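The residues making up each chain are set out below.
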Amino acid sequence: MMKEEKRNKVKYELWLAELRISSRKKCLLRQHMKTAENVYYIEETEISEIGFLTETEKNTIRHAQKEKKPGEEYEKMCEKGIRFIPFFDGEYPGRLLELQDFPYALYVKGRLPDQESKKAAIVGARRCTPYGEKYAVEFGKILAGCGIEIISGLARGIDGMGQRGALMGGGRTFAVLGSGADVCYPREHIGLYVDILNQGGGILSEYPPGTPPLPQNFPPRNRIISGLSDAVLVMEAREKSGSLITADLALEQGRDVYALPGPVNSELSIGCNRLIQQGAGLLLDPESLLNEWNFNVSGRTGKEDKNKKMLETTEKLVYSCLGLYPKNVDRLVEETKLGAGELLNILVSLELQGYIREISKNYYIKVK
């Protein structure tokens, strides 16, 4: 009985959340009508009298009343393990409510960020350099290893590297998508997507399940990345980029912004160097940042080095050839000079020990 009551309540909230009007207008509408169910059954005369809605928005509501039946998506959402968390729910992140244009609701797979934990966003260029990749992984790994939750967008380049680093550090990371929470974009990050969930993190979106990764969805999602965070770390950015939009949003939201300095002749460091010139914090190394945040870093150990020493000689050889970018078996045979059969046995052994992961057929990455 309770399950049916919950379904009846949530189905109208889902209907309202999916209306194609701004989050602010949806919040005003719900406050005006008291419940989402009342909005669904609103009379034509009452719609006409609502002054804060434009005629286009009123027509959107009229059309949705006729075309979309509440509850159609509820069961599908539950089957996919996606939770629906509207802005008035006690689980909704309080940090987002501070935003002028906070999302009406979040669709969540896995967990939400902990309300009390320190959180840092790691963002930057999709087509990053090895320099940017190295420091994205390093900052993600060391910060997460000290209990700081890492927020990013699962994108290629810096975002994905920062989140992979967080997992390597044994911490939690949360991906905010510009698609539905059930749509992994880019698709080649499906291994990272799964690992984030398996390691206690979460996948978040303000867009309903099934929403494709449309270009117009990504600038709005940046306000959620910065809004959830205490600080935004920009690792590499061109002069005009989405990462700088995130940094600007962070400043508007009262969050701290830091940038990694780079070569003056690198296009991918122009944005970061400009941020520093304008007063952003300087990223020199994770330890300096942790000290600034009053985190104790003395308890960190050389666990990774210790683990490496426990590997057999041939395992060390294969392990040393792998990194954060996927390599296939043919490439590894060429690099290690091992036979295919022996190599496959070693890969299976390393995966069982948790050192590597097969992210697609015969493609492997290092995970610690």
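What counts, and where the lines are drawn
Residues numbered from 1 in each chain as written. Predicted model: local features only at pLDDT ≥ 70, side-chain atom pairs only at ≥ 80, totals over all residues. Heavy atoms only, no water. Helix = DSSP H or I, 4+ residues; strand = E, 2+ residues; numbered from the N terminus. Buried < 20%, exposed > 50% of the residue type's maximum accessible area, 1.4 Å probe, protein only. Contact = heavy atoms within 4.5 Å. Pairing = 2+ DSSP bridges. Right-handed = clockwise from strand over helix to strand, strands pointing away. Salt bridge = Lys/Arg side-chain N within 4 Å of Asp/Glu carboxyl O. pLDDT = per-residue confidence, 0-100. Phe/Tyr/Trp six-rings, centres within 6.5 Å; stacked < 30°, edge-to-face > 60°. Axes fitted to C-alpha atoms, helices over the stretch in contact; angles between N-to-C directions. Parallel < 35°, antiparallel > 145°, perpendicular 65-115°, else oblique. Nonpolar A, V, L, I, M, F, W, Y, C, P; charged D, E, K, R; others polar.

Caption draft 1: Main features of the overall build of the chain. Tallying secondary structure elements over the chain gives 18 helices and 12 strands in all. Principal-axis analysis of the C-alpha atoms gives the chain an extent of 75 × 50 × 35 Å. Relative to its full complement of 368 residues, the chain shows a buried share of 51%. Counting only contacts in the chain whose residues sit at least 6 apart along the sequence, the fraction spanning at least 24 positions is 69%.

Caption draft 2: Region of interest: the pairing of strand β7 (residues 231-234). Residues Ala231 and Leu233 line one face of β7 and the alternating positions Val232 and Val234 line the opposite face, and both faces are buried. As judged from the 4 bridges shared by strand β3 (residues 119-123) and β7, these two strands associate in the parallel manner. Paired with Ala120 across the bridge in β7 is Ala231. Summarising the sheet, β7 and strand β8 (residues 256-259) pair through 4 bridges and their orientation is parallel. When the sheet's bridge partners are listed, Val234 is paired in β8 with Ala259. Where the polypeptide runs from β7 across helix α12 (residues 242-252) and back to β8, its parallel neighbour, the crossover connection is right-handed.

Caption draft 3: Examining the environment of Ala247 more closely. Relative to the helices and strands, Ala247 resides in helix α12. The spatial distance from the C-alpha of Ala247 to the C-alpha of Leu352 is 40 Å, given a sequence separation of 105 residues. The residues touching Ala247, leaving out its near neighbours within four places in the chain, are Val234, Val257 and Leu275.

Caption draft 4: Quick peek at the sheet that holds strand β10 (residues 327-328). Spatial ordering of the open sheet is given by β10-β12-β11, a layout of 3 strands whose pairing is antiparallel. Across the chains shown, the open sheet's two edge strands, defined by having one partner strand only, are β10 and β11 (356-360). Here β11 pairs with strand β12 (residues 363-366) via 4 bridges, running antiparallel. Within the sheet, the bridge partner assigned to Arg357 lies in β12 and is Ile365.

Caption draft 5: Quick look at the sheet that holds β7. Read across the sheet, 9 strands follow the order β1-β2-β6-β5-β4-β3-β7-β8-β9 without closing on themselves; strand pairing throughout is mixed. Either end of the sheet is taken by a strand with one partner, and the two such strands are β1 (82-86) and β9 (281-282). The pairing of β8 with β9 spans 2 bridges and is parallel. If you follow Tyr258 over to β9, its bridge partner there is Gly281.

Caption draft 6: Main features of the pattern of salt bridges. Applying the stated criterion across every chain yields a total of 19 salt bridges. Note that Glu267 is salt-bridged to Arg238, the shortest N-O span being 2.9 Å. Placement of the pair is Glu267 in helix α13 (residues 267-277) and Arg238 in the loop between β7 and α12, with a sequence separation of 29 residues. Since its relative accessible area comes to 54%, Glu267 is described here as exposed. Taking the relative accessible area as the measure of exposure, Arg238 reaches 37% and is therefore partly exposed. In this structure, a network of salt bridges that share partners links the residues Glu44, Glu55 and Arg62.

Caption draft 7: Layout of the confidence of the model for the chain. Taken residue by residue, the chain gives an average pLDDT of 88. The fraction at 70 or more is 93%. Within the model, pLDDT remains below 50 along residues 301-309, and this stretch shows 8 contacts once partners closer than five positions in the same chain are excluded.

Caption draft 8: Molecular detail of the pairing of strand β5 (residues 173-176). The two faces of β5 match: Thr173 and Ala175 on one face and Phe174 and Val176 on the other face are all buried. Both strand β4 (residues 149-152) and β5 contribute to a ladder of 3 bridges, which runs parallel. Its bridge partner being in β5, Ile150 is matched across the sheet by Thr173. For the segment spanning β4, helix α9 (residues 158-168) and β5, crossover handedness is right-handed. Two strands pair when backbone bridges link them, and β5 and strand β6 (residues 202-205) are joined in this way by 3 bridges, in the parallel orientation.

Caption draft 9: Representation of unusual backbone geometry within the structure. With an omega of 0°, the peptide bond running from Tyr185 to Pro186 counts as cis. Although it is not a glycine, Leu154 adopts a positive phi angle of roughly 65°. Positionally, Leu154 belongs in the loop between β4 and α9.

Caption draft 10: Just the packing of aromatic side chains, in detail. Taken as a whole and assessed by the stated rule, the structure comprises 12 aromatic pairs. Between Tyr12 and Tyr41, the aromatic rings sit 5.9 Å apart at their centres with planes inclined by 55°, giving tilted as the arrangement. Highlighted residues: Tyr12 in helix α1 (residues 2-17) and Tyr41 in the loop between α3 (36-40) and α4 (44-49), separated in sequence by 29 residues. An angle of 85° between the planes, with centres 5.7 Å apart, marks the rings of Tyr319 and Tyr355 as edge-to-face.

Caption draft 11: Up close: the side chain of Thr246. Positionally, Thr246 belongs in helix α12. Those residues within four positions of Thr246 in sequence are excluded, and the remaining contacts are Val123, Asn222, Ser226 and Val232.

Caption draft 12: Seen up close, the packing of helix α17 (residues 329-336) against helix α18 (residues 340-352). Where α17 contacts α18, the two axes come as close as 10 Å, and the packing angle between them is 110°. Between α17 and α18, the angle falls in the class roughly perpendicular. Contacts between α17 and α18 pair Val329, Leu332, Val333 and Thr336 from the former with Ala340, Leu343, Leu344 and Leu347 from the latter. Tallied by class, residues from the contact of α17 with α18 come to 7 nonpolar, 1 polar and no charged.

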